[in-house]
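Given next are the chains, with one letter for each unit.
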Amino acid sequence: MATERINDIGFRLILIPFFGIAIPLLTRMIDPHTFSHWGFKLAYCYTIGIAFVIWQGNRYLLFSLRSYFDWFNRPVRKIIALLLAVSFFTIPVCLVLLVGWYHLFMNGSVNWDVVRTATLIIMICVIFITHVYETVFLVKDSESEMVRSAQLERLKAQAELQALKGQIDPHFMFNSLNTLTWLIEESPAKAKVFNEHLADVYRYILQNRSREVVLLAEEMAFLYDYFALLRIRYGEAVQLRVKVDEGLFEQYMILPISLQVLAENAHKHNEFSGREPLEMVVGMEGSRLRIWNRVVRKDAVRSSPGVGLSNLDERCKLSMGAPLEVVRTPTDFIVYLPILPID
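Parameters at a glance
- Residues numbered from 1 in each chain as written.
- Predicted model: local features only at pLDDT ≥ 70, side-chain atom pairs only at ≥ 80, totals over all residues.
- Heavy atoms only, no water.
- Helix = DSSP H or I, 4+ residues; strand = E, 2+ residues; numbered from the N terminus.
- Buried < 20%, exposed > 50% of the residue type's maximum accessible area, 1.4 Å probe, protein only.
- Areas by Shrake-Rupley, 256 points an atom, 1.4 Å probe, with all protein chains shown as cover.
- Salt bridge = Lys/Arg side-chain N within 4 Å of Asp/Glu carboxyl O.
- Polar contact = N/O pair within 3.5 Å; in protein donor to acceptor, adjacent residues only side chain to side chain.
- Pairing = 2+ DSSP bridges.
- Expected span 1.5 Å × (residues − 1).
- Axes fitted to C-alpha atoms, helices over the stretch in contact; angles between N-to-C directions.
- Parallel < 35°, antiparallel > 145°, perpendicular 65-115°, else oblique.
- Contact = heavy atoms within 4.5 Å.
- Nonpolar A, V, L, I, M, F, W, Y, C, P; charged D, E, K, R; others polar.
- Core = buried A, V, L, I, M, F, W, Y, C linked by side-chain atoms within 4.5 Å.
- Left-handed = near helix turned anticlockwise from the far one by under 90°.

Colleague: Would you explain the overall build of the protein in this entry?
Modeller: The number of helices and strands found in the protein is nine helices and eight strands. Counting over 343 residues, the protein shows a buried share of 40%. Taken as a whole, the protein presents about 19200 Å² of accessible surface, with 61% of it coming from carbon and sulfur.

As structure tokens, this is what we get:
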């Protein structure tokens, strides 16, 4: 919950002197006939000082309590905490300051009826002003929540659009079609298999691009199809190892097309060959998938802006409630991808 301040300077400049003058008038605490001209002014300066201390003290308590309680999650606790805080502060301080006033201006002759009445009026005013503050905060919080929701929706739409742009990579499609054309001439059987996997890849992308999460089993099947295309193109130069029990595939949800983004990222940014293949290893650590590949950077992509990973991180935050974690070393590239257990 936000703990921002509000601009209430004008509010305080008007109401603190008002209460400092009005309450003594209501309780007949100050009789102008018993005071000298300067004594009369000093007596009211003192009561305005009381109003200032009470207001500022309760204002500090109100702002401090906002860090621990809020109306949306703990309304009853918030009300109880506010009432206890303002009571335990306001009543003792009022009694001490009002008795002090009598000692300064009335030679210690305390009118306890006036003190009790003034304290009661001050408590009512404090509760009313606290209610006003909380109403202002509630309005601001509601507006902030609406703005935050609108921003999240905008980010989600942008992330989905960017995801689609990144996933239907025109270069990948171009290369795939070139590979398919070559295979049709050289190896029709392989061309048929390649075409089937390519169709499965794009069917999955089109069917799941608007879904927030999918079964891990579906995403893994998609990853196998994607790697099948790479294997037909590059042979043993690309390898996939999955160190996750297949029995867990039906027990977790994952972002759709997230593993393919990571596979494409590894394929795009690293050198590999039959002697030094690109290997992608998928494992599980707690409630996250661990995706590893060896790093042999291509010179042409050393300054890559990392749009794919940035987009995937935004999608994780929006849909999974947890960020993507990336660990880079000179020899290893590790991504921890959040997954959700099915209750």
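We are not done yet, so read on.
Colleague: I would appreciate a short explanation of the pattern of salt bridges in the present structure.
Modeller: Think of it this way: side chains of opposite charge can pair up when their charged atoms draw near. With the rule as written, the count across this model stands at nine salt bridges. For the salt bridge of Glu-325 with Arg-288, the shortest nitrogen-to-oxygen distance reads 2.5 Å. Of this pair, Glu-325 sits in strand S6 (residues 325-328) while Arg-288 sits in strand S5 (residues 288-294), and the two are 37 residues apart along the sequence. Classification of Glu-325 by relative accessible area gives partly exposed; the value is 33%.

Colleague: Any chance you could explain the side chain of His-267 here in plain terms?
Modeller: By the secondary structure assignment, His-267 is in helix H8 (residues 258-269). His-267 sits in the buried class, given a relative accessible area of 13%. A distance of 2.9 Å separates a polar atom in the side chain of His-267 from a polar atom in the side chain of Tyr-234.

Colleague: What is the right way to read the pairing of strand S4 (residues 278-285) from this model?
Modeller: Regular strands place side chains that alternate from one sheet face to the opposite one. Judged by how many residues are buried, S4 sits mostly within the fold: six of eight residues are covered. In the sheet, S4 pairs with S5 via six bridges, with the strands oriented antiparallel. Looking at S5, one finds that Gly-283 is bridged to Arg-290. Hairpin geometry of S4 and S5 is characterised by an intervening segment of two residues between the two adjacent antiparallel strands and by a positive phi of about 65° at Gly-286.

Colleague: In this structure, what is going on with H8? I would like to understand it.
Modeller: Residues that lie three or four places apart on an α-helix share one face, since the helix turns once every 3.6 residues. Over its 12 residues, H8 runs 17 Å from end to end, which matches the ideal 16 Å to within 8%, given 1.5 Å per residue. Counting buried positions over the 12 residues of H8 gives 11, a clear majority of the element. Taken as a whole, H8 has its buried residues at Ser-258, Leu-259, Gln-260, Val-261, Leu-262, Ala-263, Glu-264, Asn-265, Ala-266, His-267 and His-269.

Colleague: I tried to follow the packing of helix H7 (residues 216-234) against H8 on my own but got confused; where do I start?
Modeller: How two helices pack is summed up by the angle between their axes together with the distance between the axes. Packing of H7 against H8 brings their axes to within 8 Å, and their N-to-C directions diverge by 25°. Classified by the interaxial angle, the pair formed by H7 and H8 is roughly parallel. Between H7 and H8, the contacting residues are Glu-219, Met-220, Phe-222, Leu-223, Tyr-226, Phe-227, Leu-230 and Tyr-234 on the first element and Ser-258, Leu-259, Gln-260, Ala-263, Glu-264 and His-267 on the second. Residues that form the contact of H7 with H8 fall into these classes: nine nonpolar, three polar and two charged.

Colleague: For this particular structure, what's the right way to read the nonpolar core?
Modeller: Buried together is how nonpolar side chains tend to be arranged in soluble globular proteins. With 48 residues, the main nonpolar core has Leu-223, Ile-254, Leu-259, Met-280, Leu-289, Ile-291 and Leu-337 as its most contacted residues. It is H7 that provides the largest number of residues to this core, a total of nine residues. Excluding its chain neighbours within four sequence positions, the residues that come into contact with Met-280 are Leu-223, Phe-227, Gln-239, Leu-240, Arg-241, Leu-259, Leu-262, Ala-263, Ile-291 and Trp-292. Residues Ile-30, Ala-85, Cys-94 and Val-126 belong to the second largest nonpolar core, which totals 33 residues.

Colleague: When you look at the packing of helix H1 (residues 9-27) against helix H2 (residues 37-65) in this model, what are you seeing that I'm missing?
Modeller: Where H1 contacts H2, the axes come no closer than 8 Å and their chain directions differ by 125°. Classified by the angle their axes make, H1 and H2 are oblique. When you trace H1 past H2, the crossing you get is right-handed. Every residue of H2 that contacts H1 at Phe-11, Arg-12, Leu-15, Ile-16, Pro-17, Phe-19, Gly-20, Ile-21, Pro-24 and Leu-25 is listed here: Tyr-44, Thr-47, Ile-48, Ala-51, Phe-52, Trp-55, Gln-56 and Arg-59. A breakdown of the residues in the contact of H1 with H2 according to their chemical character gives 13 nonpolar, three polar and two charged.

Nothing here speaks to function; it is geometry throughout.
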